[in-house]
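# Chain and residue survey
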Amino acid sequence: MKLALGPTLYYWPREKLRAYYENIAAAPVDIVYLGETVCSRRHVMRLPDWLEVARMLAAAGKEVVLSTLALIESESDLKSLRKITENGDFAVEANDMGAVHLLANRIPFVAGPYLNIYNPQTLAMIASLGAKRWVMPVEMSNEALQPLQQSRPVEMETEVFSYGRLPLAFSSRCYTARFHNLPKDDCRFLCINDPDGKTMHTREGKPFLAINGIQTQSAQVYNLIGDLESLQRTGVDVVRISPQSEHSGEIIRLFRDSIDQKLGRKSAMQQIDKLFPEAGCNGYWHGRPGMEQTLLASAIQHE
Amino acid sequence: MPNLHPPGYAFLKQPEYKLELVCPAGSLPALKVAVDNGADCVYIGFRDDTNARNFTGLNFDAANARAGVAYAHAKNTRVFLALNTYPRAAGWVRWKKAIDQAAELGMDAVILADLGLMQYAMKTHPQLQLHLSVQGSATNYEAINFYHEHFGIHRAVLPRVLSFAQVEELSCKTRVELELFGFGGLCVMVEGRCSLSSYATGESPNNCGVCSPPKAVRWQQTPDGLESRLNGVLIDRYTDKENTGYPTLCKGRFVVEGETYYAMEEPTSLNTLELLPELLRIKVRGLKIEGRQRSPAYVAQVARVWREAIDQCVKDPPGFSVRPAWAADLGKVSEGQQHTLGAYHRPWK
């Protein structure tokens, strides 16, 4: 299985982003997705800046894919989108049907996790338009994935979101601005102060969700490092790790060593647990509520 | 692309344009009162997870659907069938049969979100009109034109996230008819792009046609107040003096950095009566009322008010104003007793 680093979902300062990706150049990931997928107002990195990072990573031997916004509302959003789809050098991950429209039958693309591909017929349709890889919706289970694996078009690769706070929902409303009592149009880009989002607790103090601008994430970290064997059995080609502000290098290494069978499952789960901003979960993969954790390192006896 | 709809109201005199009132019906009695109170179109769903209001005791079996279509057609009203969830492989045959049944029942359109289903419908029942569901998350004209180019969709229902200026901009760049939510419950998330419900309960609008399903809800009186929980997660807690609301996940009160508030959205209803002249000006084709899960009394009340308002507005768009009686009547049936223009009014965002 190949290892991919998904697009950074948070708004980090330019220097941090650049330093982050310089480290990634030396990290054992095969594929890196770049670009802003959450909010069109975020601007510390423009397309030329992303392209510079893309070239640096490509020179380091990474496959680079440019990701597009999940919520495209205005003409100016579309203008930015067209610049990405027409970049000429790098493949594109389409996160909206508008992006698919611009790429279909012209340029091979990756069908992103927000396109709602849930059945073999839809996967075949999206393949016929030129998709070479698809990212499974986060809420899909191993069981629901299997029929798509059995009937998928030749050469179609399957990628599964396997580590990070889950991107659960998009709104046009900005919850970070709402928290600060600011209108979205005058948000002052305060999400830059939340490098892993802002945790939303229930009224009895349990971490539940996380605010990341217009995106709502899980507070818990989705983590399939204990499930890699079943991902492999189901024929998943690419395992996606979502960037977090700290420890990405170690997380990538633990996944890499687990995939290469240099590291046992129990040991990997115990080591990665320490690197989370919150507790872990893996319910979706097991057909359960996403927030559940169905397998604990402590329950594994013989590894 | 040229501007397809030049500004002004001159087109109102053209017989081919009409703003249609599209009303919800979760039962045959609701369908009948919608038709009787002036709906131009009624939308319904079958009694299972093929549609996004999959609630116990709600919706239509084949016999009721047939009776509903007959009743509506006799009074010149069209019927749309919502088949707007995304089937997984195990459900494919059932969803496919639902499309066949829609065609057989003489539905005037099916409201779809899934690409595979659209392709099936287009190939198997070319005469069946396709509407893109709000669950299809099409928020820009490139997306809408994608569905038009590949499946010949006739109409698109827009997610409740666009500002009015964005709707207007979009309306100029597509030949697809647009349908907008005008009244009822308000989804604060982009429809079709929300997995909050499955994160907490395992069931989502996309796959199961439910959000925050009743079977996961528990109410409990505690020394701290009345608590509502969803699969164990505390959604809200009420003092004796507060009005309680259904624990829809995004409408709960949560704590962010020590502050307790409606972190996502207050329990409130969408109401766009005052936008009617503008909706006519940009040639919106469908004005959709939310609420298939609501009673026939709700449907009757809302249909009556909107029928009157639309008729008034068409007669004299510049002179249109919202009558206090309309607002009062709609207020009686609103969720949370509060109204908002939602995303159509930009500061809401």
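Just so we're clear, the structure is a prediction, and the values are computed from it rather than from any experiment. (Residues numbered from 1 in each chain as written. Chains lettered and ligands numbered in written order. Predicted model: local features only at pLDDT ≥ 70, side-chain atom pairs only at ≥ 80, totals over all residues.)

### Structural notes on the overall build of chain B
Summing up its helical and strand segments, chain B has 11 helices and 16 strands in all. A globule of 349 residues ought to have a C-alpha radius of gyration of about 20 Å, and chain B, at 20 Å, matches this closely. Taken along its principal axes, the extent of the C-alpha atoms in chain B is 65 × 50 × 40 Å. Buried positions account for 54% of the 349 residues belonging to chain B. (Helix = DSSP H or I, 4+ residues; strand = E, 2+ residues; numbered from the N terminus. Rg over C-alpha atoms; globule rule 2.2 N^0.38 Å. Buried ≥ 20, exposed ≤ 12 C-beta atoms within 10 Å, placed from the backbone.)

### Notes on the overall build of chain A
Helix and strand counts for chain A come out as 10 helices and 12 strands. Relative to the globule expectation of 19 Å for 303 residues, the C-alpha radius of gyration of chain A, 18 Å, shows essentially globular dimensions. With the principal axes as the frame, chain A shows a C-alpha extent of 55 × 50 × 35 Å. Per-residue burial for chain A yields a buried fraction of 53% across its 303 residues.

### Looking at helix 3 (residues 92–105) of chain B
Along its 14 residues, helix 3 of chain B runs 20 Å from first to last C-alpha, staying within 8% of the 20 Å computed at 1.5 Å per residue. Within the span of helix 3 of chain B, buried status applies to Trp92, Trp95, Ala98, Ile99 and Ala102 of chain B. One face of helix 3 of chain B carries all of its buried residues, which in axial projection span an arc of 125 degrees. Residues of helix 3 of chain B that are exposed and point more than 90 degrees away from the buried face comprise Val93 and Glu104 of chain B. The secondary structure elements touched by the buried residues of helix 3 of chain B are helix 5 (120–128) of chain A together with strand 3 (78–83), strand 4 (109–112) and helix 4 (115–124) of chain B. Backbone geometry just downstream of helix 3 of chain B places Gly106 of chain B in the positive-phi region, at approximately 80 degrees. (Expected span 1.5 Å × (residues − 1). Arc of directions from axis to C-beta. Contact = placed C-beta atoms within 7 Å.)

### Focus on the nonpolar core
Of all hydrophobic cores here, the largest spans 204 residues; its most connected members are Ala34, Val42, Leu83 and Val110 of chain B. Inspection of this core shows a minimum of three residues originating in each of domain 1 (10–186 + 268–348) and domain 2 (196–261) of chain B. (Core = buried A, V, L, I, M, F, W, Y, C linked by C-beta atoms within 7 Å. Domains from an automatic or database assignment.)

### Quick look at the domain arrangement of chain B
The parts lose accessible area when they come together, and the size of an interface is often stated as this lost area. Residues and elements named next belong to chain B. Assigned domains of chain B: these are domain 1 (10–186 + 268–348) and domain 2 (196–261). Taken over C-alpha atoms, the centre of domain 1 sits 28 Å from the centre of domain 2. Contacts between the two partners involve 10 residues from domain 1 and, on the opposite side, seven residues from domain 2. Split by residue class, the side of domain 1 that touches domain 2 holds two nonpolar, five polar and three charged. (Nonpolar A, V, L, I, M, F, W, Y, C, P; charged D, E, K, R; others polar.)

### Observations regarding the environment of Val167 of chain B
All names here are of chain B. Along the polypeptide, Val167 turns up in helix 6 (residues 164–171). C-alpha of Val167 to C-alpha of Leu180: the two residues are 13 residues apart in sequence and 9.1 Å apart in space. Every residue in contact with Val167, bar those within four places of it in the chain, is listed here: Leu158, Leu162, Leu180 and Ile282.

### Observations concerning the sheet that holds strand 9 (residues 217–222) of chain B
All names here are of chain B. Across the sheet, three strands lie side by side as 9-10-11; this open sheet has antiparallel pairing. Of all strands in the sheet, those with a lone pairing partner are strand 9 and strand 11 (233–238), marking the two edges. Recorded for the sheet is a direction-independent mean angle of 25 degrees between the axes of neighbouring strands. Note that strand 9 and strand 10 (residues 225–230) share six bridges and pair antiparallel. Residue Arg218 lies in a different strand from strand 10, and its bridge partner there is Arg229. (Pairing = 2+ DSSP bridges. Axes fitted to C-alpha atoms, helices over the stretch in contact; angles between N-to-C directions.)

### A look at helix 9 (residues 248–259) of chain A
Residue and element names in this part refer to chain A. Taking 1.5 Å as the rise per residue, helix 9 with 12 residues should run 16 Å; its terminal C-alpha atoms sit 16 Å apart, in good agreement. Of all the positions in helix 9, only Ser248, Ile251, Ile252, Leu254, Phe255 and Ser258 are classed as buried. Down the axis of helix 9, the smallest arc covering the buried residues is 160 degrees, so these residues share one side. If you follow the buried residues of helix 9, they end up packed against strand 1 (2–5), strand 7 (157–171), helix 8 (228–233), strand 11 (238–241) and helix 10 (265–273). Taken from the residues just after helix 9, Gln261 is the one with a positive phi, measuring 60 degrees.

### With respect to the interface of chain B and chain A
At the interface, 55 residues of chain B touch 55 residues of chain A. Where the side of chain B that touches chain A is concerned, the elements lending two or more residues are helix 4, helix 5 (141–151), helix 6, strand 8 (189–194), helix 7 (196–201), helix 8 (205–208), strand 11 and strand 12 (254–256) of chain B. Where strand 8 (residues 198–201) of chain A and strand 12 of chain B come together, two bridges link them in antiparallel fashion. By the bridge assignment for strand 12 of chain B, Met200 of chain A is matched with Val256 of chain B.

### With respect to the packing of helix 5 of chain A against helix 4 of chain B
Relative orientation of the contacting elements helix 5 of chain A and helix 4 of chain B amounts to 85 degrees, with a least axis distance of 7 Å. With respect to helix 4 of chain B, the element helix 5 of chain A is oriented roughly perpendicular. Two secondary-structure elements touch here, helix 5 of chain A through Gln121, Thr122, Met125 and Ile126 of chain A and helix 4 of chain B through Leu115, Gly116, Gln119 and Tyr120 of chain B. Partitioned by chemical class, the residues of the contact of helix 5 of chain A with helix 4 of chain B number four nonpolar, four polar and no charged. (Parallel < 35°, antiparallel > 145°, perpendicular 65-115°, else oblique.)

### Here we look at the environment of Val302 of chain B
All names here are of chain B. If you trace the backbone, Val302 turns up in helix 10 (residues 296–315). Classification of Val302 by C-beta neighbours within 10 Å gives buried; the count is 28. Considered as a pair, Val302 and Asp329 are 27 residues apart in the sequence and their alpha carbons are 7.9 Å apart. Once you skip the residues sitting within four places of it in the chain, Val302 turns out to touch Phe183, Ile289, Leu330 and Val333.

### A closer look at the pairing of strand 9 of chain B
Little of strand 9 of chain B is tucked away: zero of the six residues are buried. The antiparallel pairing of strand 9 of chain B with strand 10 of chain B creates a hairpin that spans two residues between the two strands.

### Regarding the packing of helix 10 of chain B against helix 11 (residues 324–332) of chain B
Residue and element names in this part refer to chain B. As a packed pair, helix 10 and helix 11 sit with axes 9 Å apart at the nearest point and diverge in direction by 155 degrees. When the interaxial angle is binned, helix 10 and helix 11 end up roughly antiparallel. For the pair helix 10 and helix 11, the crossing hand works out as left-handed. Along its contact with helix 10, which presents Gln301, Val302, Val305 and Ala309, the element helix 11 presents Trp326, Asp329 and Leu330. Grouping the amino acids of the contact of helix 10 with helix 11 by side-chain chemistry returns five nonpolar, one polar and one charged. (Left-handed = near helix turned anticlockwise from the far one by under 90°.)

### Let's talk about the confidence of the model for chain B
Residue and element names in this part refer to chain B. On average, residues of chain B score 92 in pLDDT, and 95% of them reach the 70 mark or higher. Here residues 1–7 scores under 50 on pLDDT; set against residues more than four positions off or in separate chains, the count is nine contacts. Complex prediction metrics read pTM 0.95 and ipTM 0.97. (pLDDT = per-residue confidence, 0-100.)

### Section: the environment of Thr216 of chain A
Among the structural elements, Thr216 of chain A can be located in strand 10 (residues 215–223). Thr216 of chain A gets classed as buried once you count the C-beta atoms within 10 Å, which come to 29. The spacing of Thr216 of chain A and Phe170 of chain A is 46 residues in sequence and 6.3 Å in space, taken between C-alpha atoms. Once residues lying within four places of it in the same chain are set aside, the contact partners of Thr216 of chain A are Leu168, Ala169, Tyr175, Leu209 and Ile211 of chain A together with Leu196 of chain B.

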